[in-house]
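Take a look at the letters that make up each chain.
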Amino acid sequence: MLAFFQDAANQLATASNTGLGIGAGLAAGLAAVGAGLGIGRIGGAAGEGIARQPEAADAIKGSALIFAAFVEGVALFAAVIGLMLATK
Amino acid sequence: MLAKRLLITIWLSLLAAVVVPAQEGNGEHGASGAGTTHEAGEGGESHGDESGEHQSPGTLEMSNADIFKIQFTHSVPYPIALLEVDEDGHEHAGLFTIYNVQPWQWTCLGLMLIVFFPVVGSFRKQRVGKFTRIMRGFCLWVRDEMVYSVMGKEEGRAFLPLFFFMFFFIVFQNVIGLIPSTGHSYPFAIYTATGTPFVTAPLAAITLLLMLTLGMKKNGVVGFFKGLIPHGVPAYLLPIIVPIEFAGLIIKPVALTIRLFANMLSGHLVIAAAIGLVFLFTKMMAGSALSYLTALPCVGMAIFIYIIEAFVTLLQAYIFTFLSINFIHQSMHQEH
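Nothing here was measured: the structure is a model prediction, and the numbers come from that model.

Peer 1: Report on the overall build of chain A, specifying residues and quantitative values.
Peer 2: Across its full length, chain A holds 3 helices and 0 strands. Of the regular secondary structure in chain A, the N- to C-terminal order runs α-α-α. By residue count, 14% of the 88 residues in chain A fall in the buried class. Restricting the contact set of chain A to residue pairs at least 6 apart, pairs at least 24 apart contribute 78%.

The following block contains the structure:
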């Protein structure tokens, strides 16, 4: 197993596009942080709204999904850019 | 009845037109997985003793890059029938090249014919089977919860066929991609057609065209562009607001495109990565007995992501259709 890691480390040292990999990882990771914060707020607010007004649960659920989709869309832009970097 | 037969005939001939050249060309072009491995082996020049032409090398002989290449080629479209010949007689990729995306789109159209003709017929005959009843429920849900709830009954009626088609076409493509499969030719290598921007962009282009044409028809060409800018905006903000609103017109469908395709692609990539870990661990531990144990958490993770994907496929179809409905409705009624 040690030989495997040494192999990987050697490959890393000789690779010219290590920066691209790091950038791609950062793009995906930071986007996940942002989307997590955003979707967390949406979910929290939706839960609170349903707790206050259980009769409006269906409308709140539907719109919460749509709002979450907006946030997720932006995060996926970053993921696509990360994929483009990583496969360059 | 005649229309049904005609449509099914057209669909079958389309499918035959694709599958037959694909099966013939399969031997020459090779399929993605085996082809890539073979080239990688040749490039390295280290595996001189390759006896079988299309024999993939074992996991232990492959480099990490090859392992992941094989994993990910199944998530990326590849041509199955080139169909274009240049002067020297070589086939090359061009405008009419058939990728592995199109057969699955046509399969979905055919499945929709099979599933929804009984639904249409059930309204005439007043007799409903079990499966047809379920699909009727889906149709009613799309009609009442998505189209009518946003557009209203009078206006939404004209849009029903479009949004039925949009929703079920995306659902069928997404769900078909979930069927686990292996193989290199048409019926066995199942592919998620919505996992490429080339499929989702035309769907979003339909939304953009309807936004523009119906918005202009309803409000007039000048009124449509005037209506993009909210009322009561101070004059000194206009230089900022106008470009933002005009860019928003284009960004909306682009976001639709990327949201659907990135969701489907990323789900499949994550499953591929989780399964690829099995091979990576096998290589790390040189195929020892312990490496069989590492497969358990890897496959467990893949199944976990798979279950999430099963939810995401339906959710993304809902979101795509619902946002399209909202965008078209907004461009027709621009009250700010």
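There is more to say after this.
Peer 1: How would you sum up the overall build of chain B? Please name residues and give values.
Peer 2: The secondary structure content of chain B amounts to 10 helices and 4 strands. Within chain B, buried positions represent 28% of all 336 residues. Put simply, 66% of the contacts in chain B that link residues at least 6 apart link residues at least 24 apart.

Peer 1: Quick one: what's the story with the packing of helix α4 (residues 101-125) of chain B against helix α5 (residues 130-151) of chain B, residue by residue and with numbers?
Peer 2: Residues and elements named next belong to chain B. Between α4 and α5, whose axes approach to 9 Å, the crossing angle comes to 85 degrees. Between α4 and α5, the angle falls in the class roughly perpendicular. In this structure, α4 uses Val115, Phe116, Pro118, Val119 and Ser122 to contact α5, whose residues at the interface are Thr132, Met135, Arg136 and Cys139. Here the residues of the contact of α4 with α5 sort into 6 nonpolar, 2 polar and 1 charged.

Peer 1: Before we move on, could you go through the interface of chain B and chain A and cite the residues and values that matter?
Peer 2: Each partner contributes residues to the interface: chain B has 11 residues there, and chain A has 10 residues. Sorting the residues of the side of chain B that touches chain A by element identifies α9 (238-284) and α10 (289-332) of chain B as the ones contributing at least two each. A total of 7 residues in the side of chain B that touches chain A trace back to one element, the largest contributor, which is α9 of chain B. Among the residues forming the side of chain B that touches chain A, the class breakdown is 8 nonpolar, 2 polar and 1 charged.

Peer 1: Break down the environment of Pro54 of chain A for me, citing the residues and quoting the values.
Peer 2: Position of Pro54 of chain A among the secondary structure elements: in the loop between α2 (18-52) and α3 (57-86). Judged by the 9 C-beta atoms lying within 10 Å of it, Pro54 of chain A falls in the exposed class.

Peer 1: So what's going on with the packing of α9 of chain B against α10 of chain B? Residues and values would help.
Peer 2: When two helices pack together, their arrangement is given by the angle between the helix axes and by the axis-to-axis distance. Residues and elements named next belong to chain B. Close contact between α9 and α10 brings their axes to 8 Å; oriented N to C, the two are set at 175 degrees. Comparing their axes, α10 and α9 come out roughly antiparallel. Residues belonging to the contact of α9 with α10 are distributed by class as follows: 19 nonpolar, 7 polar and 2 charged.

Peer 1: Summarise the confidence of the model for chain B; cite the residues concerned and give the values.
Peer 2: Residues and elements named next belong to chain B. Counting all residues, the mean pLDDT for chain B is 79, and 78% of those residues have values of 70 or more. Every residue in residues 25-53 is under pLDDT 50, and counting partners more than four places away or in other chains gives 35 contacts. Reported confidences for the modelled complex are a pTM of 0.78 and an ipTM of 0.74.

Peer 1: Describe the nonpolar core, with residues and values.
Peer 2: Grouped together as the largest cluster of nonpolar side chains are 50 residues, with contacts concentrated most on Ala79 of chain A together with Val147, Phe163, Phe167, Ile170, Phe320 and Ile325 of chain B. Looking at this core, the elements with two or more residues in it are α2 and α3 of chain A together with α4, α5, α6 (153-176), α7 (197-219), α9 and α10 of chain B. The element contributing the most residues to this core is α6 of chain B, with 10 residues. Look past the residues within four positions of Ile170 of chain B in its chain and what remains in contact with it is Thr194, Ala317 and Phe320 of chain B. If you look at the next biggest cluster of nonpolar residues, it comprises 7 residues, including Ile271, Ala274, Leu277 and Phe279 of chain B.

Peer 1: So what's going on with the environment of Gly287 of chain B? Which residues, and what values?
Peer 2: All names here are of chain B. With respect to the helices and strands, Gly287 occurs in the loop between α9 and α10. Among the residues examined, Gly287 registers 14 C-beta atoms within 10 Å and is labelled partly exposed. Between the C-alpha atoms of Gly287 and Leu60, which are 227 residues apart in sequence, the distance is 7.5 Å. The residues touching Gly287, leaving out its near neighbours within four places in the chain, are Leu60 and Thr282.

Peer 1: Describe α3 of chain A, with residues and values.
Peer 2: The end-to-end C-alpha separation of α3 of chain A is 42 Å, in line with the 44 Å expected for 30 residues at 1.5 Å each. Regarding α3 of chain A, the residues found buried are Ala69, Glu72, Gly73, Ala75, Leu76, Ala78, Ala79 and Gly82 of chain A. Those residues of α3 of chain A that are buried are in contact with α2 of chain A together with α9 and α10 of chain B.

Peer 1: Explain the environment of Glu245 of chain B to me, using residue names and the numbers behind them.
Peer 2: All names here are of chain B. With respect to the element layout, Glu245 can be found in helix α9. Residue classification places Glu245 among the partly exposed positions, given that 15 C-beta atoms sit within 10 Å. Between the alpha carbons of Glu245 and Ile190 there is a distance of 40 Å; along the sequence they are 55 residues apart. Beyond its immediate chain neighbours, meaning those up to four positions away, Glu245 contacts Leu228 and Ile229.

Reading the values: the criteria
- Residues numbered from 1 in each chain as written.
- Chains lettered and ligands numbered in written order.
- Predicted model: local features only at pLDDT ≥ 70, side-chain atom pairs only at ≥ 80, totals over all residues.
- Helix = DSSP H or I, 4+ residues; strand = E, 2+ residues; numbered from the N terminus.
- Buried ≥ 20, exposed ≤ 12 C-beta atoms within 10 Å, placed from the backbone.
- Contact = placed C-beta atoms within 7 Å.
- Axes fitted to C-alpha atoms, helices over the stretch in contact; angles between N-to-C directions.
- Parallel < 35°, antiparallel > 145°, perpendicular 65-115°, else oblique.
- Nonpolar A, V, L, I, M, F, W, Y, C, P; charged D, E, K, R; others polar.
- pLDDT = per-residue confidence, 0-100.
- Core = buried A, V, L, I, M, F, W, Y, C linked by C-beta atoms within 7 Å.
- Expected span 1.5 Å × (residues − 1).

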